[in-house]
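Structural description and commentary
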Amino acid sequence: MKRGLFLLLALIVLLTACSKEKQPPVKEEEPVSGYYELLGSVQNGKPVEGESLNWRDHALFLLFGEDESVTMFNGTALIHGTYAQGEITTEDGSQMQYEKIGSFLVVTAADTELCFATSENEPPNLDELDKQLKLPPEVGYFVANDELANHFILLNEDGTGTLCDSYELYDISWEHNKLKSDDYGNAGYKLNGDELTVRTAHESVTFVRSSETPPDFKALKESLKPVVPGYYLMQSVTEGNQTLNIEALKGLDTELPYMILNEDKTGFMTYFGQEMDLKWTDKLIYLMGMPAEYTLKGNILTISTSQIEFVFKRSNEEPPEIPEIGSEIYAKYSLYAMDMGDGYTVYPADATLILYTNGTGSFDGEDIGYSQRVTWDEDMIKIGAIEYTYEIKSNGELVIDGMDGVFYFKPLE
C-alpha cells in the first residue's frame, strides 16, 4: 500500500516536472541500464487521459542494456537504438532526450514527455514479442464474454482455426473478415482491439482475447455432448422463398413463438396462437403430427421439413409456465374418418380427443407424435388456433365441422 502511494505521488511530481520547460540534458551520474514500464505521458504540457498502457499482455516499456543499446515498445512495434549522455538515437536516426530521476525515467520526444518507472517484472522475450507483432492481429485465442463454458475461438497464423460453441468443436478457416466451416457454416467477423465479434445469420457473439492456454482439443471433444433440452425462442420461419426474420416476428400482433424441450423427450410449443404438446427424439421433432429433422449448432436449433424451416435460439431466461389442462375427463373420443370435401374421405392414424370438465382438452396421436391443446364450451371446440362447431349424435359419435373438413369421432369407454 505504501509503495503504491509512493509511486502515485512520484508520478504526479514527474508529470508536473514534465509540463515545465525542459532543461538541457546533463551527463548521467548513475547507470540507467534496466527495465522500465510506462506510467503516463504529457503532451503539450497536459497529461494524456485514457491512454492504454498495455498492448495485449505487454506493458509499453523501455529496456536499457549495459552495452548502451536500448529497445522501446510503443504498442505497435519494437524500436531499437543506442543511448548515451542523456540522448537516445534510434536506428532510423530519430533522437529523444532522457533524464534519470531516482528510479524514474523521463523521455522527451518532440512535444511529448513519457514518464517510466523501474519495473521489477521480468522483461518480455524480445524475439517472441517481435514475432507476435508481425502476425496478423486476428491470430490468437479468444473466449466468449458469456457464461457458457468452452465457448471460444482459436485463429492460427496459417488461416486455420477451431471454434467451440460449448457443445461441439468445429474446424474453420479464416481470411478477410470471413470464417468458413463445412459443419458450422459461414460467418463474418470484426476485430476491434482485443474483441472479436462473430456474426452468423441468426446471432452475434463477442469473444475477448485471452492469455490463457487453449484446452486440449482431443480431450474436450470426447467430453462435449449436445444438450438439446431447453427453452428456445423462434428467430425466423421460412416457407418457400418467403422468410419472416426476428424483427418481422416481433412486429406481429402476437407473442414470439417459443418451444420447450424437456429431458423426458416431451415438449411444448406455441405458434401464432396455437399451443401444442410435442415429442422429440435424438433426430426428429414431431410438429403438427409430422416428423421433422432438426440440427443443433451451439444455441441455434433448426427444424426443417420439405416445405418449411424454423430457426430457434436457446434462451437463458426463465421459460413461461406451461398451461395446465384438466384432470377430470368429461368425454373421450377416437378419430376414425375425415371428410375433406367432394366425397374425399381420409382414414387417419389413431388419434384421441379428450375433453375435460374444466373446458380444456387435448388432441393426441400416439402414432403421429404430437398433441394439440383444446378448449371447448357448449358451442365450439378450438383445436390449436382453429375453432370448430360440433355436434354429438344420438349414438354418441362426435362430429366436428370446420373450414378444413369434417372430422368424425367415435366415443371411447
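**A short note on the pattern of salt bridges**
- This model, assessed by the stated rule, comprises 6 salt bridges.
- Aspartate 194 is the partner of arginine 209 in a salt bridge, and the nearest nitrogen-oxygen pair spans 3.0 Å. One end of the pair, arginine 209, is in strand β19 (residues 204-209); the other, aspartate 194, is in the loop between β17 (187-192) and β18 (195-199), with 15 residues separating them in the sequence.
- In this structure, glutamate 203 and lysine 313 form a salt bridge, with 4.0 Å as the shortest nitrogen-oxygen distance. A residue pair is termed long-range when its members are at least 10 positions apart, and glutamate 203 in the loop between β18 and β19 and lysine 313 in strand β28 (residues 308-314) qualify at 110 residues.
- Owing to a relative accessible area of 25%, lysine 313 belongs among the partly exposed residues under this scheme.

**Description of the packing of aromatic side chains**
- What the rule picks out here adds up to 18 aromatic pairs.
- For the ring pair tyrosine 271 and phenylalanine 310, a centre distance of 5.4 Å and an interplane angle of 85 degrees mean the geometry is edge-to-face. In this pair, tyrosine 271 is assigned in strand β23 (residues 266-271) and phenylalanine 310 in strand β28, connecting sequence segments 39 residues apart. Comparing tyrosine 271 with phenylalanine 310 shows no difference in burial state: the two are buried.
- Three or more aromatic residues joined by ring pairs make a cluster, and in this case those are Tyr36, Phe64, Tyr83 and Tyr98.

**So, the sheet that holds strand β15 (residues 169-175)**
- A barrel is described by the order of its strands in space; here 8 strands give the closed sequence β12-β13-β14-β15-β16-β17-β18-β19, paired in antiparallel fashion. Between one strand axis and the next, the sheet turns by 30 degrees as a mean value, whatever way the strands run.

**Re the pairing of strand β26 (residues 290-297)**
- The pairing of strand β25 (residues 284-287) with β26 spans 4 bridges and is classified as antiparallel. Looking at the pairing, isoleucine 285 lines up with alanine 292 of β26.
- Relative to strand β27 (residues 300-304), β26 runs antiparallel, the two sharing 5 bridges. Pairing of leucine 296 across the sheet is with leucine 301, part of β27.
- Counted along the chain from β26 to the antiparallel partner β27, the turn is 2 residues long, and its residue glycine 298 has a positive phi close to 65 degrees.

**As for empty space enclosed by the protein**
- Inspection of every chain in the model, using the stated rule, returns 3 cavities of 30 Å³ or more.
- Along the walls of the largest cavity sit Leu148, His151, Leu163, Asp165, Tyr184, Val198, Thr200, Glu203, Val205, Phe207, Gly298 and Asn299, which together make up its complete lining.
- Contributions of two or more residues to the lining of the largest cavity are made by β14 (160-165) and β19.
- If you trace the second largest cavity, you find it lined by Leu62, Val70, Met72, Ile79, His80, Gly81, Ile88, Thr90 and Met96.
- Among the elements that take part in the lining of the second largest cavity, strand β7 (residues 78-84) stands out by supplying 3 residues, more than any other.
- Grouping the amino acids of the lining of the second largest cavity by side-chain chemistry returns 6 nonpolar, 3 polar and no charged.

**Quick look at the environment of valine 228**
- Topologically, valine 228 is positioned in the loop between α3 (217-223) and β20 (230-239).
- Residue class for valine 228 comes out buried when judged on its relative accessible area of 11%.
- Sequence separation between valine 228 and asparagine 299 is 71 residues; the distance between their C-alpha atoms is 9.4 Å.

Definitions and cut-offs
Residues numbered from 1 in each chain as written. Predicted model: local features only at pLDDT ≥ 70, side-chain atom pairs only at ≥ 80, totals over all residues. Heavy atoms only, no water. Salt bridge = Lys/Arg side-chain N within 4 Å of Asp/Glu carboxyl O. Helix = DSSP H or I, 4+ residues; strand = E, 2+ residues; numbered from the N terminus. Buried < 20%, exposed > 50% of the residue type's maximum accessible area, 1.4 Å probe, protein only. Phe/Tyr/Trp six-rings, centres within 6.5 Å; stacked < 30°, edge-to-face > 60°. Pairing = 2+ DSSP bridges. Axes fitted to C-alpha atoms, helices over the stretch in contact; angles between N-to-C directions. 1 Å grid on protein atoms, 1.4 Å probe; cavity = no way out; pocket = protein on both sides within 12 Å on 5 of 7 lines; lining within 4 Å. Points joined across faces, edges and corners; volume = space filled by probe spheres on them. Nonpolar A, V, L, I, M, F, W, Y, C, P; charged D, E, K, R; others polar.

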